[in-house]
Amino acid sequence: MTHKDYQNFEIEELVRDPYFRHSVLTPDEQAVRFWSGWRALSPLNEEKYEQARLTLIALQEAYSETLPETEVLKRLNRIRKLDPEERKRSDAGSLNKWWWGAAAAVVVAAAGLWWGYSEKPGHAGETALSGTVIQNDGYAATPSSGEILKENNTASNLTLMLSDSSVVTLLPGSRLKFPSVFGAEDRKVALSGDAFFDVTSNPGRPFIVYAGDAVVKVLGTSFRVTAFESDGRVTVKVLSGRVSVYTLSGFPGTVKSPGANKEGVLLVPNEEVVMDAATRKIEKSVIASPQEESGKARFRELIFDDVPIFQIFTELERIYGMEIEFDQDTFRQCPITTYFRDESLLERINTICQAVGATYRPENGKIIVSGIDCTGYGK
Amino acid sequence: MNESLDTAVEYEQHKLLWEKFRLGDKASFGILTEKFYRPLYNYAMKLTRDDEFAADCIQDLYLQLWERRGFLGKSENVKSYLLKAVRNKIIKESIRLRRFREPEDLDFIADKDASIELEIVATESERQKIDHLKKLLGELSKRQQEIIYLRFYQNLEFAEISEVMGLTRQSVANLLHRTIRDIRSKWIIPFFFCILLECIRL
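The text that follows walks through the structure, step by step, so that each part is easy to find.

Cut-offs used in this document
Numbers given to residues run from 1 along each chain, matching the order in which its sequence is written. The order in which chains are written sets their letters, starting at A; the order in which ligands are written sets their numbers, starting at 1. With pLDDT at 70 or above as the cut-off, local features in this predicted model cover only qualifying residues; side-chain atom pairs require 80 or more to be listed or tallied, and sums for whole chains, interfaces and linings still use all residues. To get the side-chain values, all heavy atoms of the structure are used, and hydrogens and water are removed first. Strands are runs of DSSP state E lasting at least two residues, helices are runs of H or I lasting at least four, and both sets are numbered from the N terminus onward. Any residue under 20% of the maximum accessible area for its type is buried, any over 50% is exposed, and the rest in between are partly exposed; the area is computed with a 1.4 Å probe on protein chains only. Any two residues having at least one pair of non-hydrogen atoms within 4.5 Å are treated as being in contact. The method behind every accessible area is Shrake-Rupley, applied with a 1.4 Å probe, and residues are considered shielded solely by the protein chains displayed. The criterion for strand pairing is that DSSP finds at least two bridges linking the strands in question. Fitted lines through C-alpha atoms serve as axes, helices being fitted only where they are in contact, and the angles separating the N-to-C directions of these axes extend from 0 to 180 degrees. One less than the residue count of a helix, multiplied by 1.5 Å, gives the span that helix is expected to have. Starting at the helix axis, one direction is taken to each C-beta atom, and the arc is that of these directions. Polar contacts, as counted here, are pairs of nitrogen or oxygen atoms within 3.5 Å of one another; within protein the pair requires one atom able to donate a hydrogen and one able to accept it, and residues that are adjacent in sequence qualify only if both atoms are side-chain atoms. Centres within 6.5 Å are what make two rings of Phe, Tyr or Trp a pair, Trp counting through its six-membered ring; a difference in plane orientation under 30 degrees is then read as stacked, over 60 as edge-to-face, and the rest as tilted. The rule is short: NZ of Lys or CZ of Arg within 6 Å of the ring centre and within 35 degrees of the ring normal puts a charge over the ring. Whenever Lys or Arg places a side-chain nitrogen within 4 Å of a carboxyl oxygen from Asp or Glu, that contact is recorded as a salt bridge. We score Asp and Glu as negative and Lys and Arg as positive, and we do not count His or the chain ends. Remark: nonpolar core denotes a set of buried residues (Ala, Val, Leu, Ile, Met, Phe, Trp, Tyr, Cys) joined through side-chain atoms within 4.5 Å.

Some remarks on the overall build of chain A
Within chain A, the secondary structure is distributed over 10 helices and 19 strands. Looking at chain A as a whole, 52% of its 379 residues are labelled buried. Considering only contacts in chain A between residues 6 or more positions apart, those separated by 24 or more positions represent 57%. Working note: accessible area of chain A is about 16,700 Å², and carbon and sulfur atoms make up 51% of it.

Describing the sheet that holds strand β19 (residues 366–370) of chain A
All names here are of chain A. Strand order in the open sheet formed by 3 strands is β16-β19-β18, and the pairing between neighbours is mixed. Where the open sheet ends on each side, the last strands, each with one partner, are β16 (324–325) and β18 (359–363). Packed on one face of the sheet, helix α10 (residues 345–356) meets β16, β18 and β19 and runs near 145° to β18.

What to know about helix α3 (residues 29–40) of chain A
All names here are of chain A. Between the first and last C-alpha of α3 there are 17 Å, a value that for 12 residues agrees with the 16 Å anticipated at 1.5 Å per step. Of the residues making up α3, those classed as buried are A31, W35, W38 and R39. Down the axis of α3, the buried set is contained in an arc of 100°. They therefore lie on one face. Those residues of α3 that are exposed and angled more than 90 degrees off the buried face are E29, R33 and A40. Sitting at the head of α3, D28 places a side-chain oxygen 3.2 Å from the backbone nitrogen of Q30.

What about the pairing of strand β7 (residues 207–211) of chain A?
For a regular strand, the rule is simple: side chains alternate between the two faces of the sheet. Residue and element names in this part refer to chain A. Counting buried residues in β7 gives 5 out of 5 residues, a clear majority hidden from the surface. Burial along β7 is two-sided: F207, V209 and A211 facing one way and I208 and Y210 facing the other are all buried. Pairing of strand β6 (residues 187–200) with β7 involves 5 bridges; the strand directions are parallel. The residue bridging V189 from the neighbouring strand is V209, located in β7. As paired strands, β7 and strand β8 (residues 214–218) are joined by 5 bridges and run antiparallel to one another. Considered in β8, the bridge of I208 is made with K217. Linking two consecutive strands that pair antiparallel, namely β7 and β8, is a turn of 2 residues; a positive phi of about 60° is found at G212 within it.

Details of the environment of T330 of chain A
Its place among the elements puts T330 of chain A in helix α9 (residues 328–332). Residues T330 of chain A and F310 of chain A lie 20 residues apart in sequence; the distance between their C-alpha atoms is 8.9 Å.

Regarding the packing of aromatic side chains
Here the structure, examined in full by the defined rule, presents 26 aromatic pairs over all chains. Among the aromatic side chains, those forming a connected cluster through ring pairs are Y6, F9, Y19, F20, F34, W35, W38 and Y49 of chain A. Positioned over the ring face of W66 of chain B is R69 of chain B, at 4.0 Å from the centre of the ring. In this arrangement the basic side chain of R99 of chain B is found over the ring face of F53 of chain B, its NZ or CZ atom lying 4.0 Å from the centre.

Quick word on the pattern of salt bridges
Taken as a whole and judged by the stated rule, the model has 32 salt bridges over all chains. Of the charged contacts, one joins E19 of chain B and R22 of chain B as a salt bridge, the two residues approaching to 3.0 Å between their closest N and O atoms. Of this pair, E19 of chain B and R22 of chain B both sit in helix α1 (residues 5–22), separated by 3 residues, roughly a single helical turn. Judged by its relative accessible area of 23%, R22 of chain B falls in the partly exposed class. Because the salt bridges share partners, they merge into one network encompassing R39, E46, E50 and R53 of chain A together with E126 of chain B.

Observations regarding the side chain of E160 of chain B
Note on placement: E160 of chain B falls in helix α8 (residues 158–165). Buried and unpaired, E160 of chain B has no salt bridge, with R16 of chain A as the nearest side chain of opposite charge at 5.6 Å. Other than its neighbours up to four places away in sequence, E160 of chain B contacts Y11, N77, S80 and N155 of chain B.

Describing the nonpolar core
The biggest cluster of nonpolar side chains holds 81 residues, and the ones touching the most others in it are Y63 of chain A together with Y37, L40, Y62, L65 and I148 of chain B. The element that contributes the greatest number of residues to this core is helix α2 (residues 26–47) of chain B, accounting for 11 residues. Not counting the four nearest positions on each side in its chain, L40 of chain B is found in contact with I58, L61, Y62, L82, L83 and V86 of chain B. Counting residues in hydrophobic clusters, the runner-up holds 29 residues, among them V307, I312, F331 and V369 of chain A.

Here it is in structure tokens:
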């Protein structure tokens, strides 16, 4: 990416500059490198940079309001429900219906402990078939919904889109089990290995990750779970919003334990818990360096300047390692200009589809994009 | 000239979403409402320190926009349109609820406790300067504070500020110029002093 010439920038201009703000408030390696280079050009630059930085910090501290993401979503959801039209078709299966739902980013890495079930005799191999009720883990599939097991045997990340449009990035050597369509009550998945989740918010249908001996319930948030089998423990770190962590036996939804205590451990930003697999004890502490935990660092800055939409899809397929199905001819003639910084995959797909009036739907982990001939858009 | 790439692209996206919303596209409206919830809430909280009232005003505004979508005009600038709308809403509702009498009574208050909520890590000498600047900002008149806030926190252009606050572009430029000069005269970091206090980062 080329940067504009900041040479004669005054402090006031720096304070308002998006790239400067980005480098101070949410620094990444590239931005830090660029700005230290700029500062090194002259003592004047150095002084301007420092004053602008302190000014920006003072402004942030003076004017920021704390409003948790969950609260924003709750409020937007409330507004949506007040709309009389929306009440009539509240259960439509259209993707549009969750226009109010933002994606919450989630990172999960889990041990293979739980997955032991599939290797046991009496189970139907790797792919749990529809109707299979799985014991021990509380994750019982609805008989009517097909179960899908995706395994990432490649050396790069594999991205899947679930039926609720939540996006899961499976790291190499990881497996995810999910129903082809989530039930009405909740959204349950089971993970072995390492994964990053972008969970669409839906307060009425909690998103539940079974990972090793831990159960992570998402209340619309971003967090990270690390559970390497060799460590014998599960770690959950929260970046924003809130999550609840339970032991498998203590989780209220567990089949085997109707009388389970309902006390999960509630985590808020910059907190983490460690659960020891042997003792099942959960201990809470504060994250030492929260900055590093941000999942957003994975997302590359992308600029598409008048690029045909099929090329953008191809690029996204490559970056995320996912399958996007679309009709080459329909989208061949649709050049669009867009700029992505730290959006989630879902936000990116949304932006592109909106630009050309296309729609998309998740199907068995893939994204299927359909639309009309888009000649005439994106001029 | 000041507009950077992403804001230029963003403006275009917002305009496109606004156009679709006017034609009744719910998804576009959903994206707009979500995108602007935080900026609107932040502004509303400066004008009334009442969280519930701020939320209600935004809710009302959103519902009215959707109801009246067919009657809305094209919007060249969605953000300033919405900021202005929420400001007007707060004035109107405050007068209706007898919170104050005249539009001129509209307050501008940065939360005094905000510093406890959010304190960005800084060295001791940096902390002194940051707190000093915050104190200076708090001593400005409410319109000066608002203009600084719109310019440097909401990142608006002169024309946008004049639309939101209902001032001429020239008075925005004058007031802003004077305010910045005032702050600068009180909050200076002489370069040699800077070296002494190690304000060159770490």
